[in-house]
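Structural overview
Each chain, letter by letter, is given below.
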Amino acid sequence: CSEDPDAGQNGVGRLPAQEIQARTKTAAGSVDAVRLSGNVVTRGRTYKLDMRLKADGATGSVTAEGATFHLLRVGEQLFLKADAAFWNHEDGKSGDDGSDTAAADKLEGKYVKVPTGDPSYKKFSGFTDKDLLLDGLLTLHGTLATDGHHEQSGTRTIRVTGDKGSGGRLDVSLEGRPYPLRLRRAGGAGTLTFSSWGKDFALSEPKAAETVDYGKQLPSS
């Protein structure tokens, strides 16, 4: 007889699809740290993410419309670092006197503290909120079913699909805890990988020499 693909594994491969999704969500929510990388398409805009997330903060980079910016959140304090092109784009202006360019040059390569009351705070902090991101991402749409055994970065997985794949595909680890390892979002809205589950990392606010104060409000985006 053929070898049992679930032999020696964590057992979730034998479960109904709904139970697998429930267990992987529980596993994802039970640890403090994860690395998330890949692409997310939302409202017609593609974001490339490479974020390390944990309960009290995050660090990493986001690329959108050709501009890359770095995000660092420590507790409620959110910092943004980008090049001059990003700040010129965010400002949406190009003054004849060069003042806007000068301001962008001043901000280039420096961390800017994003005021909590600024409209940009909610948008940017959403990329740094582990629970918010995972709750929004780890949902398959439509009728759930399993779709065979696969492999992600050397780890054996069981795949769960929504509506035969049109509602998303999620690969769940069969080794150790049933963490989600790879997600193809419904409607072609991006593909993400999850790694470094439970691996803590250091977070600290940037030094004063690395920061610049923009004021009470960032340029409108």
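Predicted model only: the values in this text are computed from it and were never measured. (Residues numbered from 1 in each chain as written. Predicted model: local features only at pLDDT ≥ 70, side-chain atom pairs only at ≥ 80, totals over all residues. Heavy atoms only, no water.)

**Here we look at the overall build of the protein**
- On a plain count of helices and strands, the protein comes out with five helices and 12 strands.
- For the protein, buried positions account for 43% of its 221 residues.
- In the protein, 53% of the contacts between residues at least 6 apart in sequence involve partners at least 24 apart.
- In the structure as shown, the protein presents an accessible area of about 11,600 Å², 45% of it carried by carbon and sulfur atoms. (Helix = DSSP H or I, 4+ residues; strand = E, 2+ residues; numbered from the N terminus. Buried < 20%, exposed > 50% of the residue type's maximum accessible area, 1.4 Å probe, protein only. Contact = heavy atoms within 4.5 Å. Areas by Shrake-Rupley, 256 points an atom, 1.4 Å probe, with all protein chains shown as cover.)

**Some words on helix α5 (residues 130-137)**
- Within α5, burial applies to Lys130, Leu133, Leu134 and Leu137. Viewed along the axis of α5, the buried residues span an arc of 90°, placing them on a single side of the element. Facing away from the buried side of α5 by over 90 degrees, the exposed positions are Leu132 and Asp135.
- Capping of α5 at its N-terminal end is provided by aspartate 129; its side-chain oxygen lies 3.3 Å from the backbone amide nitrogen of aspartate 131. (Arc of directions from axis to C-beta. Polar contact = N/O pair within 3.5 Å; in protein donor to acceptor, adjacent residues only side chain to side chain.)

**Remarks on the side chain of threonine 24**
- By the element assignment, threonine 24 lies in helix α1 (residues 17-29).
- In this structure, threonine 24 is in contact with Leu170, Val172, Pro178, Tyr179 and Pro180, ignoring residues within four places of it in sequence.

**Considerations on the sheet that holds strand β11 (residues 191-195)**
- One open sheet accounts for 12 strands, arranged β7-β8-β9-β10-β11-β1-β2-β3-β4-β5-β6-β12; its pairing is mixed. Edge strands, defined here as strands with exactly one partner in the open sheet, are β7 (144-152) and β12 (211-212).
- Against the sheet, α1 engages β7, β8 (155-162), β9 (169-173) and β10 (180-184), with an angle of about 55° to β7.
- This element, α5, spans β1 (33-42), β2 (45-54), β10 and β11 of the sheet and lies at about 55° to β1. (Pairing = 2+ DSSP bridges. Axes fitted to C-alpha atoms, helices over the stretch in contact; angles between N-to-C directions.)

**Focus on the pairing of strand β4 (residues 67-74)**
- Where strand β3 (residues 57-64) and β4 come together, eight bridges link them in antiparallel fashion. Residue pairing in the sheet places alanine 58 in a bridge with arginine 73 of β4.
- Hairpin connection of β3 to β4: two residues between the antiparallel strands, including glutamate 65 at a positive phi of 55°.
- The sheet contact formed by β4 and strand β5 (residues 77-82) spans six bridges and is antiparallel. Paired with arginine 73 across the two strands is leucine 78, which belongs to β5.

**Overview of the environment of threonine 101**
- With respect to the helices and strands, the residue threonine 101 is situated in helix α3 (residues 99-107).
- In sequence terms threonine 101 and alanine 85 are 16 residues apart; their C-alpha atoms lie 9.0 Å from each other.

**Focus: the nonpolar core**
- Core analysis: the biggest nonpolar cluster contains 50 residues, and Leu71, Phe194 and Trp197 have the highest contact counts within it.
- For tryptophan 197, the contacting residues outside a window of four places in its chain are Ala28, Val31, Ala33, Val34, Leu134, Tyr179, Pro180 and Leu181. (Core = buried A, V, L, I, M, F, W, Y, C linked by side-chain atoms within 4.5 Å.)

**Notes on the environment of threonine 157**
- Structurally, threonine 157 can be placed in strand β8.
- The buried category is assigned to threonine 157, whose relative accessible area is 0%.
- Note: C-alpha distance between threonine 157 and serine 173 (16 residues apart in sequence) is 4.5 Å.
- Those residues in contact with threonine 157 that sit more than four places away from it in its chain are Gly148, His149, His150, Glu151, Gln152, Asp171, Val172, Ser173, Leu174 and Leu181.

**Thoughts on the packing of aromatic side chains**
- Using the criterion set out here, one finds four aromatic pairs in the structure.
- When the centroid spacing of 5.2 Å and the interplanar angle of 70° are considered together, the rings of phenylalanine 69 and phenylalanine 124 count as edge-to-face. Taken together, the residues phenylalanine 69 in strand β4 and phenylalanine 124 in helix α4 (residues 119-125) connect sequence positions 55 residues apart.
- A relative accessible area of 4% means that phenylalanine 69 is categorised as buried.
- A centroid spacing of 5.0 Å and a plane angle of 5° characterise the contact between tyrosine 179 and tryptophan 197, whose relative ring orientation is stacked. With a gap of 18 residues between them, tyrosine 179 in the loop between β9 and β10 and tryptophan 197 in the loop between β11 and β12 connect regions that are remote in the sequence.
- The buried category is assigned to tyrosine 179, whose relative accessible area is 14%.
- By the ring-pair criterion, three or more aromatic residues cluster together here, those being Tyr179, Phe194 and Trp197. (Phe/Tyr/Trp six-rings, centres within 6.5 Å; stacked < 30°, edge-to-face > 60°.)

What is shown is where atoms sit, not what they do.
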